[in-house]
2 protein chains.
Amino acid sequence: MMQSENSVEDSLHIRKLEVTDKEKGFIELLRQLTVCDSVSDERFKERFEEIAKYGDDHCICVIEDVRLGKIVATGSVFIEKKFVRNCGKAGHIEDVVVDSGARGMQLGKRIVEYLADHAHSMGCYKVILDCTEENRPFYEKCGFKKKEIQMVKYFV
Amino acid sequence: MMQSENSVEDSLHIRKLEVTDKEKGFIELLRQLTVCDSVSDERFKERFEEIAKYGDDHCICVIEDVRLGKIVATGSVFIEKKFVRNCGKAGHIEDVVVDSGARGMQLGKRIVEYLADHAHSMGCYKVILDCTEENRPFYEKCGFKKKEIQMVKYFV
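My aim in this report is to walk through the structure given alongside it, one point at a time. Along each chain, numbering runs from 1 in the same order as the chain's sequence is written. The order in which chains are written sets their letters, starting at A; the order in which ligands are written sets their numbers, starting at 1. At least 70 in pLDDT is required for a residue's local features to be given in this predicted model, at least 80 for side-chain atom pairs to be given and counted, and no such filter applies to totals for whole chains, interfaces and linings, which use all residues. Just so you know, side-chain values use all the structure's heavy atoms and leave hydrogens and water out.

## As for the sheet that holds strand β1 (residues 12–16) of chain B
Pairing between strands requires that DSSP locate at least two bridges from one strand to the other. Where helices and strands are cited, they refer to DSSP runs of H or I of at least four residues and of E of at least two residues respectively, numbered from the N terminus. Reading across the sheet, the twelve strands line up as β1(A)-β2(A)-β3(A)-β4(A)-β5(A)-β6(B)-β6(A)-β5(B)-β4(B)-β3(B)-β2(B)-β1(B) and stay open at both edges, with mixed pairing between neighbours. Two strands close off the open sheet at either side, each with one partner strand: β1 (12–16) of chain A together with β1 of chain B. Neighbour-to-neighbour, the strand axes of the sheet open up by a mean angle of 25°, direction not taken into account. Of the strand pairs in this sheet, strand β5 (residues 126–131) of chain A and strand β6 (residues 145–154) of chain B are connected by six bridges, and their pairing is antiparallel. Within β6(B), the residue paired with A:V127 across the bridge is B:K153. This element, helix α5 (residues 107–121) of chain B, spans β1, β2 (58–65), β3 (70–81), β4 (89–98) and β5 (126–131) of chain B of the sheet and lies at about 25° to β3(B). The axes are straight lines fitted to the C-alpha atoms, using for helices just the contacting stretch, and the angles between their N-to-C directions are given from 0 to 180°. We call two residues contacting when some pair of their heavy atoms lies within 4.5 Å.

Right, here's the structure in full:
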């Protein structure tokens, strides 16, 4: 039993997004989060390369279940360069999602910790994110505290 | 009377941040928002150039009172490239502040509208920001609606 559980854990690899992850269900995973129509291979590659240009200033991490060759969790963080806080930097976490079939294994926590660690290693004085009131307890377990409110204006 | 008011309005020019704005009180203005020690000319120029590398993906706007050669309002927006929303883009507004001596002239609204227009023109499907509950009515006047809550983790 223990052995079997270990095997599952061992097969869950956390790493940065690769351009071949489209074939591993990356877009289908994002669709569990919000609107995301099918994206052509070309469009995917183009956006991947646009983001890659930012280097470590925009990091997308994924967890792959290597037994299945399937991306089961993801999240991103980008580093904002500011003048406030003595020319400080702030990390912004976005688009965190865990596959509905892979819940209860703390994958969300692993993603958020990976992204927060990345922001910290990049010299950020803080990392922020927006979430629903419902997800607040999860982020509190990840070491976050509620601060302000998020306002939005849609153009479409 | 009308003439005099027009003159004040006419002297308030909205534009993008320039590297010479440090001499026009840009850092002192940011200090009204949050912690911001004095920044050396070199450090300022370095950060200015780091941000300039992003081109239109990171826009800092200012309002200068040209009678006084003083920056009296500022705000920034950066464009996040996503995979969700069909490889959509989201604008993030940050660090909006109006000089305490220049309140009541709708400068905050001009700044926020400039930044939202910029995000729109860059093809963003939305623009978001975080603020206090106290500032919510101001942003509602600018066309924003409350959506989620902001969570933060500080490293310092």
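So much for the structure itself; the text now carries on.
## A word on the relation of the copies chain B and chain A
Rotating chain B by 180° about the axis while translating it 0.0 Å along that axis superimposes it on chain A, leaving an RMSD of 0.0 Å. Considering both components of the superposition, the chain copies are consistent with a two-fold axis. The position closest to the rotation axis in chain B is occupied by the C-alpha of B:I149, lying 2.3 Å away. Counting the interface residues of chain B, we find that 100% of their copies in chain A are interface residues as well, pointing to one common contact surface. Least-squares fitting of one copy onto the other uses the C-alpha atoms of those residues that reach a pLDDT of at least 70 in both copies.

## Considering the pattern of salt bridges
Salt bridges are defined as contacts in which a side-chain nitrogen from Lys or Arg sits within 4 Å of a carboxyl oxygen from Asp or Glu. All told, the structure shown has 36 salt bridges over all chains when counted by the stated rule. With a shortest N-O distance of 3.8 Å, B:E18 and B:R15 are connected by a salt bridge. The buried label goes to any residue with under 20% of its type's maximum accessible area, the exposed label to any with over 50%, and the partly exposed label to all in between, with areas taken from a 1.4 Å probe on protein chains only. Looking at B:E18, the relative accessible area reads 38%, which means it is partly exposed. We classify B:R15 as buried; its relative accessible area is 16%. Through salt bridges that share partners, A:R15, A:E18, A:D21, A:K24 and A:E64 make up one connected network.

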